[in-house]
Amino acid sequence: MTSLLRLPRLSWRFIPVWQRNYLVWKKLAIPAILGNLADPMLYMLGLGYGLGSLLPDVGGMPYLTFLAAGTVAYSTMNAATFEVLYSSFSRMHVQRTWDAILNAPMTLDDVMLGELTWAVSKSLLSGLAILAVIWGLGLYGHFWMTLWIIPVVALVGFCFGGMGLVMNAVSPSYDFFLYYFTLVITPMVLLCGVFFPVSQLPAVVQGVSAWLPLTHAIDLARPLVVGSMPDNITLHVVALLIYGSLGYVIALALTRRRLLK
Amino acid sequence: MLRVRGLTKKYGDTEVVRDLDLNVRPGECFGLLGPNGAGKTTTLRLLLGLIEPDSGSIELAGIEVPKHAREARMKIGVVPQMDNLDPDFSVCENLLAYGRYFGMEKSAIVARVPMLLEFAGLANKADAQIAQLSGGMKRRLTLARALVHDPDILFLDEPTTGLDPQARHLIWQGLRRLLADGKTIVLTTHFMDEAERLADRLAILDHGRLVAEGAPRALIESHIEPAVVEVFGEGLADWTGSHASSLCQRFENVGETLFCYTSDADAIIDSLKHAPTLRYLHRPSNLEDVFLKLTGRDLRD
């Protein structure tokens, strides 16, 4: 294991891998966009208007705005996670596309960087769609401030893409991913302030929540929607970078053991 | 073209490849034969630099592997055992995508596509989806894909396993064309007829070790008697007891059949005329006989 765990060798050769995924996605872009984007938007608008009309301001803002800011992070997380779990697993394990690429002058580092950057691209698309709704409905404080959400979304995609690749590396089948959703993703959605402020939770749970990557993502995104500078920017950015990079490096080692032993 | 010295690979305590020496000359077709689990696929993965050996050296077209595996792979085309064509792409798109993995410009790949499709006999299938192709077409496309960057040397891992005779002959035809063009081919197979037909020289591996190496005819001549009489039928045990050891240089009882290896088949056949319940098959010995002599008849899976 120690010999497998080493710094990744990054190179621009990941681009043909990214391009491969892009060209395949492009063929079915319209249904893919509808499938990926309609769901979070319906939740956001349904709950935002339906539940929002019953609620006073939440976290100092209308509930729809509160929820929209949470949904940017949440749908970005989901987009990256689904991509590196189900889609990457299809390419790696079911279709053996990675094996074919590895016979060319490409390393596993290249292939997985291509997958990770593709997951970031997919999450950008998801995040931007929600952002477009935020713009359209005028849910923001300052327009220029909301542009900072774009790099935040990319960062969140990187974080959850890297983490998800670890699951991809150890999974024997698609069914295995349910554990990750039930034990990691769903608790995060409930504990990190997507639907309600973290301050509503018991102190102990708040302590746990502070360590979770989705909390860092939302702590960056929500103030930017409302129109103020987030607190502790460096902390949140570094936390997301660490989760994503550690995930990528560990995933690389585990996948190397899986495919190239 | 390929020089391997003392190559060893261990998984835990098992040596999958043991102290292997190989020499493949430019323009020749070299066969790697061996029962399942003999270390053929592991050897190919080592040669590609996909896995690192525990000891030994590999030099491919003058390039050290695995140290410079990336440069070496620019010169190698690979046809893997299991089809891994990209099912999300059409026939033509598969070639385009694969060329990009070699860093080729799109125009350079596009220029080669008609030739590759013609080679694969898929000129009218450029826009077909992979799922619509037959097994033989998929193999041919995989072979064409391996040629997209015009490699000097081709690695084929059991290229015709699972194909019907017509499809196998088409693949062999393609490989002969490549040899005529001066390409070097290294192929693994457990089909003896394939090895005998294609390989200029071959190596037989068993338990990761090289047990014999040479041209197919030379291997047959040096390892085995020239003729085989397979005897079967009622009364075989009696005939074996009374005649086998005196008439055959070597014999082997496998299930219901006695394999008599000999340089004087007529003597055996004469004797069999007096045993009307026995039936026999007289044939020249072949590579399969050598293979079974060297690697045994027990199942490996």
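Details of the structure are given in the entry above.
Residues numbered from 1 in each chain as written. Chains lettered and ligands numbered in written order. Predicted model: local features only at pLDDT ≥ 70, side-chain atom pairs only at ≥ 80, totals over all residues.

Q: An account of helix 11 (residues 287–295) of chain B is needed here, citing residue identities and associated values.
A: Since the α-helix turns once every 3.6 residues, residues separated by three or four places project in the same direction. Residue and element names in this part refer to chain B. When helix 11 is considered as a whole, its buried residues turn out to be Leu-287, Asp-289, Val-290 and Phe-291. The elements touched by buried residues of helix 11 are strand 3 (29–33), helix 7 (192–198), strand 9 (201–206), helix 8 (216–223) and strand 11 (227–233). After helix 11 finishes, the residue Gly-296 shows a positive phi value of roughly 85 degrees. (Buried ≥ 20, exposed ≤ 12 C-beta atoms within 10 Å, placed from the backbone. Helix = DSSP H or I, 4+ residues; strand = E, 2+ residues; numbered from the N terminus. Contact = placed C-beta atoms within 7 Å.)

Q: Provide a residue-level description of the nonpolar core, including the pertinent values.
A: Nonpolar side chains tend toward joint burial in soluble globular proteins. Grouped together as the largest cluster of nonpolar side chains are 143 residues, with contacts concentrated most on Ala68(A), Val156(A) and Ala221(A). Considering every element that reaches this core, the biggest residue donor is helix 3 (residues 63–94) of chain A, with 17 residues. When residues of this core are assigned to domains, at least three fall in each of domain 1 (1–75 + 151–166 + 181–213) and domain 2 (87–150) of chain B. Judged by nonpolar contacts, the second largest core, of 11 residues, contains Val229(B), Val231(B), Leu247(B) and Cys260(B). (Core = buried A, V, L, I, M, F, W, Y, C linked by C-beta atoms within 7 Å. Domains from an automatic or database assignment.)

Q: How would you summarise the packing of helix 3 of chain A against helix 10 (residues 213–226) of chain A if you had to cite specific residues and measurements?
A: All names here are of chain A. Direction vectors running N to C along helix 3 and helix 10 enclose 135 degrees, while the axes themselves pass 9 Å from each other. Taken together, the axes of helix 3 and helix 10 lie oblique to each other. Crossing of helix 3 over helix 10 shows right-handed handedness. Across from Thr-65, Ala-68, Ala-69, Gly-70, Val-72, Ala-73 and Met-77 in helix 3, the residues of helix 10 making contact are Leu-214, Ala-217, Ile-218, Ala-221, Arg-222, Val-225 and Val-226. (Axes fitted to C-alpha atoms, helices over the stretch in contact; angles between N-to-C directions. Parallel < 35°, antiparallel > 145°, perpendicular 65-115°, else oblique. Left-handed = near helix turned anticlockwise from the far one by under 90°.)

Q: Talk me through the sheet that holds strand 13 (residues 257–262) of chain B; I want residue IDs and the actual numbers.
A: All names here are of chain B. Sheet architecture is open: 4 strands sit in the order 12-13-11-14, paired in antiparallel fashion. Edge strands, defined here as strands with exactly one partner in the open sheet, are strand 12 (250–254) and strand 14 (278–284). The mean inter-strand angle of the sheet, taken between neighbouring strand axes irrespective of direction, is 20 degrees. By the bridge criterion, 6 bridges tie strand 11 to strand 13 in an arrangement that is antiparallel. Across the sheet, the residue bridging to Ala-227 is Thr-262, located in strand 13. Packed onto the sheet, helix 9 (residues 236–247) meets strand 11, strand 12, strand 13 and strand 14 and runs at close to 25 degrees relative to strand 13. Sitting on the sheet, helix 10 (residues 265–273) is in contact with strand 11, strand 13 and strand 14, with an inclination near 20 degrees to strand 11. (Pairing = 2+ DSSP bridges.)

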